[in-house]
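# Descriptive analysis of the structure
Chain by chain, the residues run as shown.
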Amino acid sequence: MSLSSDEYKKMGEAAVPKTKCFRNLSGAFLIGGTICLIGQFVLNFYLDAGLSTPNASAACSMTLIAFSAVLTGFGVYDKIAKFGGGGTLVPITGFANAVVSPAMEFKSEGFVLGLGVKIFTIAGPVIVYGVLASVAYGIIYWILKIM
Amino acid sequence: MAHKIGKQTLIIDGVVGIRSSAAVGSKKEGEGPLGKDFDIINDDSRFGEKTWEKAESKMQELACWKALKKAEAEMKDVDFIFAGDLLNQCIASAFSARGSKVPYIGLYGACSTFAEAVGLSAVFADSAAKNCLAVASSHFCSAERQYRFPLEYGGQRPPSAQWTATAAGAALVSKEEGFPFVKAVTFGTVEDFGINDQNNMGAAMAPAAAETLSQFFKDTYTDPEDYDLIVTGDLGFVGANLMKELMGRKGFPLGENYSDCGLMLYDREKQQVESGASGCGCSASVLSGHVIPMLRDGMLKSVLALSTGALMSPTSVQQGETIPGVAHLVCFSSEKGGIF
Amino acid sequence: MEYLKAFIVGGIICAIGQVFIDKTKLTPARILVGFVVSGVILSALGFYEPLVEFAGAGATVPLSGFGHSLAKGVRAAVADKGFLGAFTGGLSATAGGITAAIVFGFIIAVFFKPKDK
C-alpha cells in the first residue's frame, strides 16, 4: 500500500464526526447574547448611579470580569463554556476566564514562577497584539493629523 | 532467549507469563463500562495528594502495590521496573519508583508506553531477569495542564478530541511463572502521515498501529482471524475507523475481533469523551484490568494488544511540526508451547 | 429595546466566534487576538462607534469592544498629547479591565483550587 500523506489527511478528516454546527451556533448566540444583556443591565445601573459614559463602561467591564472570576473559581464557567463556546470565549468574561484559570492552575508552582509567570499564558497575546495595533493606529492617526 | 523473526518481531522462546496485573482509576473510569474491572477506584482524583503530578505517582504506586500483592510477591523480588507516563521528564514514574530500590528503566513512548514496558519486560524475563514490573499511567488533570489548557479554562472540545484517562496499570512479568503467556513482541516504527491537528490524535496514531500490526502478521505468517481479540491502545472512534480502513488496504481486513481500549473505557454517549479515551493509563488499565484477566479466565485464548502513542510535545505542535505516531504490539496466549 | 439590541448584536458577534471555533483549527488565543485587532481596525475606520451607539453593551462587552476601547483611547490621547499619546492612550483607556483581571485572578487563585472534570 502506498498512501500519500495528502490522501491520508483527507481520510482522516472524513473519519471525524461532524460538529453540531447549528447547536453550537445557537448556544454561542444565546449565551453570548445573555452575557451582553447582563452587561447592558450593569452599564445602565452605573449610568443611573451618575457615572459618566466612559467610567460606567469601565466599571461595567470590571464588574463582568469579577463575576466571571468568581464563576471560574467555583468551577462553573467552563461548564457554561461547554454549551456556550464562542458565547463564553468572545465576551470580556472569556478574557477574565483566560486570566483566572491559569492563575489558579499554576499556583502549585509557586506565586511568582507559577501564578505570576503563567497568569497571561492564554490572554497575554490579546494584550500584546491589541496594544501593538492601537499604537500602530495612534501613529497613523498622528501622521494624518499633522499633515 | 528471544529471537527475531521477519523484519521486527521478537519471539519469546522461553516460558514468560503475567503473574499478576492491577488497574487503578478514578471516578470517571469507575463510572465507565469497565468500572468493576478496576482493582482500585478512588473517587478523589487527587488521591489525597497536593498536586496532580503527585496524584499520578500515587496511582502508579498503588497499581504496583496491588499487582505485587495479587502475586504474593514483594518489591524486593522485582529485578527491573519498566515505567513511563506522559509528564515532562517522566516524573510520575521516576517519583513512584524512588522508594522501591529496584533498578528503574524509565520509558517514554507517549500512550504506547504500556505495551512498550510489557514487551521489554518479557524480553528481559526471557533472558536474565526473573520478575519485571511493567507500569504506565496518565492523569487527565496533569495532562491537560501540560498539553492543553488550565482545568478551569472554558473551551469546547471538537468531536475528534479524546479524553485522557486518569488511570494506571501494572503487570508483573515473570520467567516460568504466571498466566497468560507472552509469546511475541513487535516494537513499532515511527510513522508520520502529516496529521498536525492536536485534537485528532487517533488519526495521527492509526498509521503506526496499522504498520506494526501488519508487520507482525507478515513476520509470523498469521492473519487477523487467528486471534480471539486484536485490541489497539487509544485510537478512539476516529482512529479505530481509520485503522480498519488502513488494515483493509494492507490486505489484513479486521473483523469483529478488533476493538480499541479508547472505546472500551468510557461510555462515549453518556460520559462526554467525544472520540474516546486516551493516555498511557487507558491501554495500561484496560489491558491490566480487563483483557489480561479475560485471558486468565479462559474467555480469550489469544490476544494481540497494541498500545499506540502520538509522539508530540507542546513545543513541536507550536512549531508547526506534524504528529508522528508509534505502536508496540504484545502477543498474549494461553498456550504454553510455541504458536508460531 | 436597548436590551434586545444588546442581546442580538452581542449574540451575533459571539456566533461569529463560534464559526471560527467550528470551521477553522484556530486556537482560542488566536481567535481572541483576531477579535481585539479587528476591534482596533474597525474602530479606526469609524465603523465601531456607530455599532456601540446602536447596541451598547452588545458591542462593548465582546472583545472587539476591548479593541475599540484601545483605539478610542489612542485617538483621544493623540489629540491631547500628540505623538506620545500613541503610546499612552491604549493601555490608559483599558487599564481598569486589565487591572481587574489581574486582581481578581490573584484573589481567586489564592482561595480556590482547580477541580477535576
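Residues numbered from 1 in each chain as written. Chains lettered and ligands numbered in written order. Predicted model: local features only at pLDDT ≥ 70, side-chain atom pairs only at ≥ 80, totals over all residues. Heavy atoms only, no water.

Glancing now at the overall build of chain C. Along its length, chain C carries six helices and zero strands. The order of α-helices and β-strands along chain C, N terminus first, is α-α-α-α-α-α. Projected onto its principal axes, the C-alpha positions of chain C cover 50 × 35 × 35 Å. For chain C, buried positions account for 50% of its 117 residues. Of all intrachain contacts in chain C linking residues separated by at least 6 positions in sequence, the fraction that spans at least 24 positions is 53%. Of the roughly 5,300 Å² of accessible surface on chain C, 73% is carried by carbon and sulfur atoms. (Helix = DSSP H or I, 4+ residues; strand = E, 2+ residues; numbered from the N terminus. Buried < 20%, exposed > 50% of the residue type's maximum accessible area, 1.4 Å probe, protein only. Contact = heavy atoms within 4.5 Å. Areas by Shrake-Rupley, 256 points an atom, 1.4 Å probe, with all protein chains shown as cover.)

Let's shift gears to the domain arrangement of chain B. Residue and element names in this part refer to chain B. Along its sequence, chain B is organised into domain 1 (13–175) and domain 2 (182–333). The gap between the C-alpha centroids of domain 1 and domain 2 is 18 Å. The partner domain 2 presents 51 residues to the 50 residues of domain 1 that form the contact. Between domain 1 and domain 2, roughly 3,800 Å² of surface is buried when both sides are summed, and carbon and sulfur atoms account for 61% of that area. Contact with domain 2 buries area across many residues of domain 1, yet L34, C111 and Q162 alone supply 18% of it, more than any other trio. Linking domain 1 to domain 2 there are one salt bridge. Between E274 and R157 there is a salt bridge, with the nearest N and O atoms lying 2.9 Å from each other. The interface formed by domain 1 and domain 2 contains 20 residue pairs in polar contact (both at pLDDT 80 or more). For the side of domain 1 that touches domain 2, the secondary-structure elements that each account for two or more residues are strand 3 (16–26), helix 1 (27–31), helix 4 (113–125), strand 7 (131–138), helix 5 (140–147), strand 8 (163–164) and strand 9 (167–175). At eight residues, the largest contribution of residues to the side of domain 1 that touches domain 2 is made by helix 4. Looking at side-chain class alone, the side of domain 1 that touches domain 2 contains 26 nonpolar, 15 polar and nine charged residues. (Domains from an automatic or database assignment. Buried area = accessible area lost by both parts, 1.4 Å probe. Salt bridge = Lys/Arg side-chain N within 4 Å of Asp/Glu carboxyl O. Polar contact = N/O pair within 3.5 Å; in protein donor to acceptor, adjacent residues only side chain to side chain. Nonpolar A, V, L, I, M, F, W, Y, C, P; charged D, E, K, R; others polar.)

Before going further, it helps to examine the state of the cysteines. Residue and element names in this part refer to chain B. This structure, assessed with the given rule, holds zero disulfides over all chains. This cysteine, C141, is not joined by any disulfide, and C280 carries the nearest cysteine sulfur, 16 Å off. Not part of a disulfide, C331 finds its nearest cysteine sulfur in C261, a span of 15 Å. C331 sits in the buried class, given a relative accessible area of 0%. (Disulfide = S-S within 2.5 Å.)

With that out of the way, let us pick up the packing of aromatic side chains. In the structure shown here, the tally under the stated rule is 20 aromatic pairs over all chains. Pairing F82(B) with F124(B) gives two aromatic rings, centres 5.0 Å apart and planes at 80 degrees, and the pair type is edge-to-face. Linking F82(B) in strand 5 (residues 80–84) with F124(B) in helix 4, this pair joins segments that are 42 residues apart in sequence. Among the residues examined, F82(B) registers a relative accessible area of 1% and is labelled buried. One aromatic cluster is present, built from ring pairs that chain together F216(B), F217(B), Y227(B), F252(B) and F340(B). Sitting over the ring of F106(A), K118(A) keeps its end group 4.2 Å from the ring centre. The ring of W163(B) has K28(B) lying over it, and the distance from NZ or CZ to the ring centre is 3.8 Å. (Phe/Tyr/Trp six-rings, centres within 6.5 Å; stacked < 30°, edge-to-face > 60°. Lys NZ or Arg CZ within 6 Å of the ring centre and 35° of its normal.)

Another point: the environment of A23(B). All names here are of chain B. Counting through the fold element by element, A23 comes out in strand 3. Residue A23 is classed as buried on the basis of its relative accessible area of 0%. As a C-alpha pair, A23 and G309 span 286 residues in sequence and 20 Å in three-dimensional space. Beyond its immediate chain neighbours, meaning those up to four positions away, A23 contacts F38, D39, I40, A168, G169, S285, S288 and G289.

Listed as interface residues are 64 residues of chain C and, on the opposing side, 64 residues of chain A. Three residues stand out in chain C for area buried against chain A, namely Y3(C), F7(C) and V61(C), and they jointly supply 12% of the buried area on that side. Connecting chain C to chain A are one salt bridge. We note a salt bridge from D78(A) to K117(C), for which the minimum N-O separation is 3.2 Å. Of all the secondary-structure elements, those providing two or more residues to the side of chain C that touches chain A are helix 1 (2–23), helix 2 (28–44), helix 4 (57–60), helix 5 (63–81) and helix 6 (83–111) of chain C.

Here we come to the packing of helix 6 (residues 92–105) of chain A against helix 6 of chain C. Any two packed helices are characterised by how steeply their axes cross, that is the angle between the axes, and by the distance between the axes. With their axes 8 Å apart at the nearest point, helix 6 of chain A and helix 6 of chain C run at an angle of 40 degrees to one another. The two elements helix 6 of chain A and helix 6 of chain C meet at a crossing, and its hand is right-handed. Contact residues: helix 6 of chain A offers F95(A), V99(A), V100(A), A103(A) and M104(A), while helix 6 of chain C offers A101(C), G105(C), I108(C) and A109(C). The class makeup of the residues in the contact of helix 6 of chain A with helix 6 of chain C is eight nonpolar, one polar and no charged. (Axes fitted to C-alpha atoms, helices over the stretch in contact; angles between N-to-C directions. Left-handed = near helix turned anticlockwise from the far one by under 90°.)

So, on to the pattern of salt bridges. Enumeration according to the criterion identifies 17 salt bridges over all chains in this entry. Across the salt bridge formed by K70(B) and D39(B), the nearest N and O atoms sit 2.7 Å from each other. One end of the pair, K70(B), is in helix 2 (residues 52–70); the other, D39(B), is in the loop between helix 1 and strand 4 (40–42), with 31 residues separating them in the sequence. A single salt-bridge network, built from bridges that share partners, covers E105(A), E109(A), E53(B) and R145(B).

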